[in-house]
Amino acid sequence: MTRTDADRALDEALALVSRDPSPHASGPAGDSGPLDAPDAVRSTGAHRAASWPRAREAAIRAGSGVLARSHRVPLADALGEVLTTPLDALTDLPSFDTSAMDGWAVAGPGPWTLRSGAGILAGSDRPEPLGDGEAVPIATGARIPADTTAVIRSEHAREDGSQLYAQRPVVTGQDIRPRGQECRSGELLLPAGSLVTPALLGLAAAAGYDELETRPRPTVEILVLGDELLTEGRPHDGLIRDALSPMLGPWLSRLGAEVTGTRRLGDDPAGAEALFEAVTTSGADLIVTTGGTASGPVDHVHPVLERAGAELLIDGVAVRPGHPMLLARIGDRVDGRHLVGLPGNPLAAVSGLLTLAEPLLRALAGRRRRPRYAVAVQGDVPGHPYDTRLVPVLLTEEHAVPLRYHGPAMLRGVAAADALAVVPPHGARSGQELEMLDLPWASGGCFT
């Protein structure tokens, strides 16, 4: 499949996600015009759900609008962060002529007379210049003596007494890395906005850096809501195990966030008060809550956000599972913090992570958008009449294979998956190309 074909298929898939198959107000969300335009939402009882593509765009805009911070950190602490200043070469690389191979440094045409004494090793002081017709053993990475014509690899020459004979033609400059071959001092190596990867750390160290100016990782505090959750043992007597606390922290860390803590809050009035205190006093860039986003008698997230004066940016998304997710801004637009409210069902919470938390965190971290791609699905995939569906899939060399156990409360499917397929309303036919959302452990985590 060519990239052009993939882009075309993805555009068609996204168009299907946004297309209204019905003239009635209860039809699916459109995907054009401003966020608060009538075709950007779908009425669903108490809430007006944003289309799935528009919800993700809203999360990106929210994170991009926050004032960027910068700090200086040692190389070892910069991994996964984003450069806020360009990476310029502090020296020529290499900073002197070096040997690219183990062998002999030679001057002039051969055969050559071997210089007496030890050879030249990497890290040695500046060697004595070579005389015409002279050769000296040299190690990879060692400084080249002045007046050297070439380096002959060990396997391409032979010694005979005090003489060295080449076994193949010698080209001037061969196997010598000249000073400045990779870069010159002051040259731009990587621009601001580059993700600090292991390779970037190596380049920075080679160029003479001990510290980097980077954008700090967004901080996240996790609040798990619910009286029915057990922290250990088997489910019993109407109580269930808390599947979200063990999952969300590592997941958010793989998305590049610094998780400052996970707390459990009850559904009683004391829990609601604790939630209000957390929302109004937390120093985290992002608060992630689980459960309590619907309109039930113990669903406290909406009342707490209203009491805190938060601005609801997304209040429900036309996606299954995960419909009652939300995104709110706490405080002003530039310096404010955000809250992502995830549904309490585990796979619905995963849907919320990928729909709202992941694009928001990428924008807060200053990272570019993840490249979009599409894969042909193997077998027909049922769809919702109006909403987007996110379905766990296993990626093969040619297809995306939908997995079973994809109900809102199930994790069995996503635990075996490589990605979630974005299924448009009314479903997809076998062979249709669908957008894929990589799972962080399948895509290299925060280094992608």
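Observations regarding helix H2 (residues 52-64)
The end-to-end C-alpha distance of H2, which contains 13 residues, comes to 19 Å, matching closely the 18 Å that a straight helix rising 1.5 Å per residue would cover. Buried within H2 we find Trp52, Pro53, Arg54, Ala55, Arg56, Ala58, Ala59, Ile60, Ala62 and Gly63.

Brief notes about the pattern of salt bridges
For side chains of opposite charge, pairing can occur when their charged atoms come near one another. The tally for this structure, following the rule as stated, stands at 16 salt bridges. Close ionic contact of Arg69 with Asp285 constitutes a salt bridge, the shortest N to O distance being 3.1 Å. Of the two residues, Arg69 is situated in the loop between H2 and strand E3 (71-74) and Asp285 in the loop between helix H5 (269-281) and strand E20 (286-290); the sequence distance between them amounts to 216 residues. The closest approach of N and O atoms between Asp380 and Arg429, which form a salt bridge, is 3.4 Å.

Some thoughts on the confidence of the model for the chain
Predicted coordinates in areas of low pLDDT are best not read in detail. With 85% of its residues at a pLDDT of 70 or more, the chain has an overall mean of 85. No element of the chain has a lower mean pLDDT than helix H1 (residues 3-18), at 41, and none a higher one than strand E15 (residues 211-215), at 97. Predicted confidence for residues 1-47 stays below pLDDT 50, and this span has 100 contacts to residues more than four positions away or in other chains.

Details of the sheet that holds strand E12 (residues 163-166)
On the basis of which strands lie adjacent, the open sheet formed by six strands has the order E10-E7-E9-E8-E12-E11 and mixed pairing. Strand pairing shows two members of the sheet lacking a second neighbour, strand E10 (150-153) and strand E11 (157-160), which therefore form its edges. Put simply, the sheet's adjacent strands are angled 35 degrees from each other on average, direction ignored. Sheet topology note: the strand E7 (residues 103-106)/E10 ladder contains four bridges and is antiparallel. Looking at the pairing, Trp104 lines up with Ile152 of E10.

Some words on the environment of Ser95
In this fold, Ser95 is placed in the loop between strand E5 (87-88) and strand E6 (98-99). Exposure remark for Ser95: the relative accessible area of 33% places this residue in the partly exposed category. Along the chain, Ser95 and Ala206 lie 111 residues apart, while their C-alpha atoms are 9.9 Å from each other.

So, the pairing of E11
Relative to E12, E11 runs antiparallel, the two sharing four bridges. Looking at E12, one finds that Glu159 is bridged to Leu164. Adjacent in sequence and paired antiparallel, E11 and E12 are bridged by two residues, among which Gly161 carries a positive phi angle near 65 degrees.

So, how was this worked out
- Note on numbering: residues in each chain are counted from 1, in written sequence order.
- In keeping with the predicted nature of the model, local features appear solely for residues at pLDDT of at least 70, side-chain atom pairs appear and are counted solely at 80 or more, and the whole-chain, interface and lining totals rest on all residues.
- Note that the side-chain values use all heavy atoms of the structure and ignore hydrogens as well as water.
- Secondary structure counts use DSSP, requiring at least four H or I residues in a row for a helix and at least two E residues in a row for a strand, with both numbered from the N terminus.
- Helices are assigned an expected span. That span is 1.5 Å times one less than the residue count.
- Only protein chains enter the accessibility calculation, which uses a 1.4 Å probe; a residue whose area is less than 20% of its type maximum is buried, one above 50% is exposed, and one in between is partly exposed.
- Salt bridges, as used here, are contacts in which a Lys or Arg side-chain nitrogen is within 4 Å of a carboxyl oxygen on Asp or Glu.
- Summary of the metric used: pLDDT quantifies the predictor's per-residue confidence within the range 0 to 100.
- Two residues form a contact once any of their heavy atoms are found within 4.5 Å.
- The criterion for strand pairing is that DSSP finds at least two bridges linking the strands in question.
- Note on geometry: axes are C-alpha line fits, over the in-contact stretch for helices, and angles between N-to-C directions span 0 to 180 degrees.

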